[in-house]
Amino acid sequence: MTEQTLLTAENLHLTFGETKALDGASLHVRAGEVVALMGPSGSGKSTLLHCLAGIMAPESGRVVYDGRDLTAMSDTERSTLRRGEFGFVFQFGQLVPELTCRENVALPLRLSGVGRREAHRTATSWLERLDVADVADKRPGQASGGQGQRVAVARALVTQPRVVFADEPTGALDSLNGELVMKMFIAAARETGAAVVLVTHEPRVAAYSNREAVVRDGRVREQEFAR
Amino acid sequence: MTAVKRWVFELALGARMSLAGGRAGWTRLALIAAGVGIGVAVLLSVATLPTALAASSSRTEARTEQISADDPPKSDETILVGLASSQFGDVAIHGRSLQPEGSRPPMPPGVTTLPGPGEMLVSPALADLMRENPLLAQRWDARVVGTIGAQGLSGPADLAFYLGSDTLTEESAFRVDAFGATGVPDEGPDPISLLFPAVGMVVLLLPVMVFMASAVRFGGEARDRRLAALRLVGADAAMTRRIAAGETLTGALLGLFAGALLAVGIGLLTSRYATGKLSFYLSDLRPVPALAVLVIVAVPATAVLVTLSAMRKIVVEPLGVVRLSGTVRRRLWWRLILPILGIGLLAPLASGIDVESGGAAEIQVAGGVAALLIGLALLLPWLVDAVVNRLGGGGVSWELAVRRLQLDSGTAVRAVSGIAVSVAGVIAIHGLVSGIENQVKAADNGGSGWTGFQIAPQNDLPEQTWTAALRDTPGVQEVLTIRSHAAEGDGTLLSIKVGDCTALARYADMTGCTDGEVYGVDAPAAAGTYTLRDGPTWTAPAVTRQVRATTNSPGYGQPMLLITPAALNGTPIPGTTDEFAVTLVSGGGADAVEQVRNTTARLDPQAFLLEPGNSAFAAAMRDIREGLLAGTVALLLLIGASMLVNVAEQLRERRKVLAVLVAFGIRRRTLAGSVLWQAALPVLLGMALAIGFGSGLAAVLMSAVNAPVSIDWIGIGTTSGAAVLVVLGTTAAALPTLGRLTRPGNLRDE
Amino acid sequence: MSVSFALLGLLENGPRHGYDLKRSYDDAFGRDRSLHYGQVYSTMARLLKNGLVEVELEPGDGPDRKRYAITDAGITDIEAWIGRPEKPEPYLQSTLYTKVVLALMTGRDASEVLDTQRAEHLRLMREMTHRKAQGDLADELICDHVLFHLEADLRWLELTTDRLDRLAAQIRR
């Protein structure tokens, strides 16, 4: 491997009641690359994303980020890690409805202890970058779906994370808006050098990745990207 | 007909939905029923009070002696009645000495056979008390031969006795030929007793109404979601409203039932445990029919109306609920009308209540207080809006809470307005009561700091008997004899006290007193001639020094002549009666007091015992005060419960956002902080407004009864403390829900 | 082209007569158009010439006496063919379908066939997405056309992957 592996999942197992969500899943993510996680619904791709991001803990197996074992960390340590190193974009309903778009984008910075003024300045520049500066002072409910999703992308990137986890980021959008979001998202991620783990069932969204991994029955079939 | 049928069907559907709503539905139903039930119980109890009070006071009147200006002539049908009332601890004991003058004496109600000399009849409550307290059992030199029947007692807890006697004279007793006061003119309504019922009712009932109104909205958001599901299968807007009304109605009817049960329970407890004026027989506890019907009809009707008016602010669409309230700008001007009206009504009272006006003043006070308190409830939403919209900055948890309140403060404010109204009312009454209490206490403790007793015997036992008996009483330190007389000269009544400097010190500041001097309190300085009570004239020595009376002295407020023995040069004033001043060993405690009362009652049941201060009155005030505070704390707890329901509901509605925030690495602490702020901000504002209004109201009421205006820190402290506890408790109780909702699994179900 | 691989693949499970071969082919692939005898014999002749099959003669005479068997070279050839992703282009399904069925019949991993194809499709989609980002509106529209077609193919691949179990059961029957 020429590039350094940043995030690794090794042989993860996790069951919810009767169903095996993860059944020996493994995955490697290199710094700066975009990996699409594809597979039928219920295959465990979202669960894998949650485990990779340290939101959930697998029952067995290891998740290693930058040499650190996430599965051995406490909840607090993982929260701290997520605040500093990770960003998230979800399908919908992820922006805090009471806060303005600017405040939503500034939120991760403020959670990391950045001052209000500073956080807002950075948030504004990110909103401009994603071409949604005009909704900065509106609430998410007053922005369109596509704008809201771009605000969410801005929020995911505002801390300059090393990995952004995106779970069906365009799932609630039409193709044109979805495309716009993806174009800006991936471009911005590449610029900042963030790796992206992208869960999607849409091939055209997956086409923004460097390579894809297919999740089926809780296992991953990883396809190496051959350029 | 079909329309009626449809209505019934839809109301019934609502009722069924509320019953079949699963755990959340049951919780909602239980909360509504509890809220309405408590309200109904209070309302029914209040509706019972007039009949109960009337029954009790009619019995009290029936045992009161018919006293006329000229005593009826002594006959076969007369009886001599001596006042033998006593006190145990702070509790007053109604007592009479009875001495029939013929074969057919009138008998007080509840008495079938008059006690003979050395015998006594006691009320059941007094019998119990005497059994429990041997000290009290020794008080009267008589054997208990029976009990007084219920028709001769104000209530089951009434402490009363009749003492048989053969030593009563026309001097020490009065002669009656019948019991039962008919139209005894009161001393006139005293402003304090005028204020309490009026203000009390308003303060008590308003928060209950506010609480009931917010109770029927409990769990409304879950209900709205259910209604939205109904819209999806084809119910129209009017139908959903009726179904919602049916749901609320179920809760309200359950609450009515629970409230009735609760009221019966309160009645049972009252008849068993209540003391003093609130002691009633079970048969007294019949609600005024009209009021009871009003409660039964008005409560469910109001519940339905509140639901419908709340539903007007939302549109239930098939795919969800749209709230219209979010963008409504709250206007100030009309919210000021009621408070201003209230101030207008109350302001003239600040200079004192015009007692002569009778009912009008009462209505004015009640109206003013009601207007002020309702005005407070109306002002609060505006205030919260205005304040919250100006807030900004701060940490993340603060920002989340403030923004949430900016978007929708209605829910939070509704719960808090109940707190605000009751707290303002309580602070007002509490302030007024403690003001009066302090006034009474200050009178007790002012001046010389005297804490002794003064005994004025009504019989002719020699002085030696009294002083010896009192000196032998455990806990007594010193007994001084004061010779006392009433004199009249130039149309002024003059009280004459003869005693040594220590004895006289209880009437006035006697610093530097020497034997041989004559002290005047508002008395003519020159030597003058006076007519004594029994007829002879007497020339008083000239006053050598003017002194100021101590405020709590017996006979305070009238001119007095304080004479040291040497000033009389050995010529005593004719016909002097002796009074005995008793000083207790400091730290003698309650037993010493009871011992003095015992000695006095055994020597002469009719003797007047002047006790330091008005402890019974002060105790009554304290009871009112403490009862009020306890009630408020209970109310606050209930409101806390309703706030908790709101918070939990809100959190559940936002589980997705919460899960995303957790993904971003938000600390639980930050989320908990935002819940805390969200509860604390409206409560804080409500409390501030309530304390302001309450203190102002208290000030007006205090000056209305001529009590010194002061700020009631105890009331403010207690209610604020309780409010803080409610906020903290709400937050703490919401934490498990928060924990559950921020578990990672919640990102899953989309 | 795919017919010859299909026939070759059918031989992998054992030598067959020409008539058997035609019947098996018609059962597995010949939904709309059955194979002519002539086509079977001409294809076999070509495969024979290329050394991918050999003929076992049974006693007796007539064309039915010839049994065809696959050679080692033939197995290598079919192996390579099944494992090689097709160039994504329209009307690919019949070839892919043939490959999947053959893979299932010969005990190869059919889902790998599909995943390999999916990767190839995605590779082209990435290329198109990339080209779209560089070009003008005309490029964008053309690329989108291709992308949507590729996406449709890809969805078919996914769906087939999910239904492999059922297909295998049907073929085994």
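In what follows, the accompanying structure is described. Small disclaimer: the values here were computed from a predicted structure and weren't measured.

## A word on the sheet that holds strand β4 (residues 60–65) of chain A
Residues and elements named next belong to chain A.
Here comes step 1: With antiparallel pairing, 4 strands are arranged side by side in an open sheet as β2-β1-β4-β5. Since the sheet does not close on itself, it has two edges, and those belong to β2 (19–30) and β5 (68–69), each with one partner.
Here comes step 2: Two elements, β4 and β5, share 2 bridges in a ladder whose sense is antiparallel. Directly across from Tyr65, in β5, lies its bridge partner Arg68.

## Some thoughts on the state of the cysteines
Residues and elements named next belong to chain B.
Here comes step 1: One pass over the full model with this rule turns up 1 disulfide over all chains.
Here comes step 2: What pairs with Cys501 in a disulfide is Cys513, and their sulfur atoms sit 1.8 Å apart. An S-S torsion of about -70° defines the bridge between Cys501 and Cys513 as left-handed. Placement of the pair is Cys501 in helix α14 (residues 501–504) and Cys513 in the loop between α14 and β13 (518–521), with a sequence separation of 12 residues.
Here comes step 3: The partly exposed category is assigned to Cys501, whose relative accessible area is 21%.

## A closer look at the pattern of salt bridges
Here comes step 1: For the structure shown, the criterion picks out 42 salt bridges over all chains.
Here comes step 2: Notably, a salt bridge pairs Arg204 of chain A with Glu151 of chain C, separated by 2.6 Å at the nearest N-O pair. Of this pair, Arg204 of chain A sits in helix α7 (residues 203–206) while Glu151 of chain C sits in helix α7 (residues 137–162), which puts the two residues in different chains.
Here comes step 3: Among the salt bridges present, the one from Glu12 of chain C reaches Arg108 of chain C, with a minimum N-O distance of 2.8 Å. Of this pair, Glu12 of chain C sits in the loop between α1 (2–11) and β1 (16–17) while Arg108 of chain C sits in the loop between α5 (93–105) and α6 (110–134), and the two are 96 residues apart along the sequence.
Here comes step 4: Given a relative accessible area of 23%, Glu12 of chain C falls into the partly exposed group.
Here comes step 5: For Arg108 of chain C, a relative accessible area of 17% puts it in the buried group.
Here comes step 6: Salt bridges linked by common partners bring Arg216 and Arg221 of chain A together with Asp115, Arg118 and Glu158 of chain C together as one network.

## Re the interface of chain B and chain A
Here comes step 1: Facing the 28 residues of chain B at the interface are 29 residues of chain A.
Here comes step 2: Both faces considered, chain B and chain A share a buried interface measuring about 2,700 Å² in area, 61% of it formed by carbon and sulfur atoms.
Here comes step 3: Inspection of the chain B/chain A interface yields 4 salt bridges.
Here comes step 4: Glu103 of chain A serves as the salt-bridge partner of Arg403 of chain B, at 2.1 Å between the closest nitrogen and oxygen.
Here comes step 5: In this assembly, chain B and chain A are joined by 8 residue pairs in polar contact (both at pLDDT 80 or more).
Here comes step 6: Within the residue set of the side of chain B that touches chain A, elements represented by two or more residues are α11 (396–407), α17 (655–663) and α18 (668–704) of chain B.
Here comes step 7: Among the elements that line the side of chain B that touches chain A, the one with the most residues is α11 of chain B, at 7 residues.
Here comes step 8: For the side of chain B that touches chain A, the per-class residue count stands at 12 nonpolar, 7 polar and 9 charged.

## What about the interface of chain C and chain A?
Here comes step 1: If you look at the interface, chain C gives 21 residues, while chain A gives 18 residues.
Here comes step 2: Of the roughly 1,700 Å² buried between chain C and chain A, counting both surfaces, carbon and sulfur atoms make up 51%.
Here comes step 3: Applying the counting rule to chain C against chain A returns 5 salt bridges.
Here comes step 4: Connecting chain C to chain A are 8 residue pairs in polar contact (both at pLDDT 80 or more).
Here comes step 5: A breakdown of the residues in the side of chain C that touches chain A according to their chemical character gives 6 nonpolar, 3 polar and 12 charged.

## Quick look at the environment of Thr302 of chain B
All names here are of chain B.
Here comes step 1: Inspection of the secondary structure puts Thr302 in helix α8 (residues 289–312).
Here comes step 2: Residue Thr302 is classed as partly exposed on the basis of its relative accessible area, which comes to 41%.
Here comes step 3: In the structure, Thr302 is positioned 86 residues away from Val216 in sequence and 9.6 Å away in space, judged by C-alpha atoms.

## Some thoughts on the packing of aromatic side chains
Here comes step 1: Throughout the structure, instances matching the rule amount to 11 aromatic pairs over all chains.
Here comes step 2: Judged by centre distance (5.1 Å) and plane angle (85°), the rings of Tyr65 of chain A and Phe86 of chain A are edge-to-face. You can see Tyr65 of chain A sitting in strand β4 and its partner Phe86 of chain A sitting in strand β6 (residues 86–89), a full 21 residues away along the chain. Grouping residues by exposure puts Tyr65 of chain A and Phe86 of chain A together as buried.
Here comes step 3: A centroid spacing of 5.7 Å and a plane angle of 25° characterise the contact between Tyr19 of chain C and Tyr37 of chain C, whose relative ring orientation is stacked. Of this pair, Tyr19 of chain C sits in helix α2 (residues 18–28) while Tyr37 of chain C sits in helix α3 (residues 37–49), and the two are 18 residues apart along the sequence.
Here comes step 4: Using a relative accessible area of 36% as the deciding quantity, one classes Tyr19 of chain C as partly exposed.
Here comes step 5: Judged by its relative accessible area of 35%, Tyr37 of chain C falls in the partly exposed class.
Here comes step 6: Over the aromatic face of Tyr37 of chain C sits the side chain of Lys22 of chain C, whose NZ or CZ is 5.9 Å from the ring centroid.
Here comes step 7: Against the face of Trp81 of chain C rests Lys99 of chain C, its NZ or CZ located 5.1 Å from the ring centre.

## Concerning the pairing of strand β1 (residues 5–16) of chain A
All names here are of chain A.
Here comes step 1: As defined by bridge partners, β1 adjoins β2 across 9 bridges and the pair is classed as antiparallel. Across the sheet, Thr8 pairs through a bridge with His28, a residue of β2.
Here comes step 2: Here β1 folds back onto β2 in antiparallel fashion, the turn holding 2 residues, of which Gly17 has a positive phi close to 65°.
Here comes step 3: Sheet topology note: the β1/β4 ladder contains 5 bridges and is antiparallel. Pairing of Leu7 across the sheet is with Tyr65, part of β4.

Conventions and cut-offs
Residues numbered from 1 in each chain as written. Chains lettered and ligands numbered in written order. Predicted model: local features only at pLDDT ≥ 70, side-chain atom pairs only at ≥ 80, totals over all residues. Heavy atoms only, no water. Pairing = 2+ DSSP bridges. Helix = DSSP H or I, 4+ residues; strand = E, 2+ residues; numbered from the N terminus. Disulfide = S-S within 2.5 Å. Buried < 20%, exposed > 50% of the residue type's maximum accessible area, 1.4 Å probe, protein only. Salt bridge = Lys/Arg side-chain N within 4 Å of Asp/Glu carboxyl O. Contact = heavy atoms within 4.5 Å. Buried area = accessible area lost by both parts, 1.4 Å probe. Polar contact = N/O pair within 3.5 Å; in protein donor to acceptor, adjacent residues only side chain to side chain. Nonpolar A, V, L, I, M, F, W, Y, C, P; charged D, E, K, R; others polar. Phe/Tyr/Trp six-rings, centres within 6.5 Å; stacked < 30°, edge-to-face > 60°. Lys NZ or Arg CZ within 6 Å of the ring centre and 35° of its normal.

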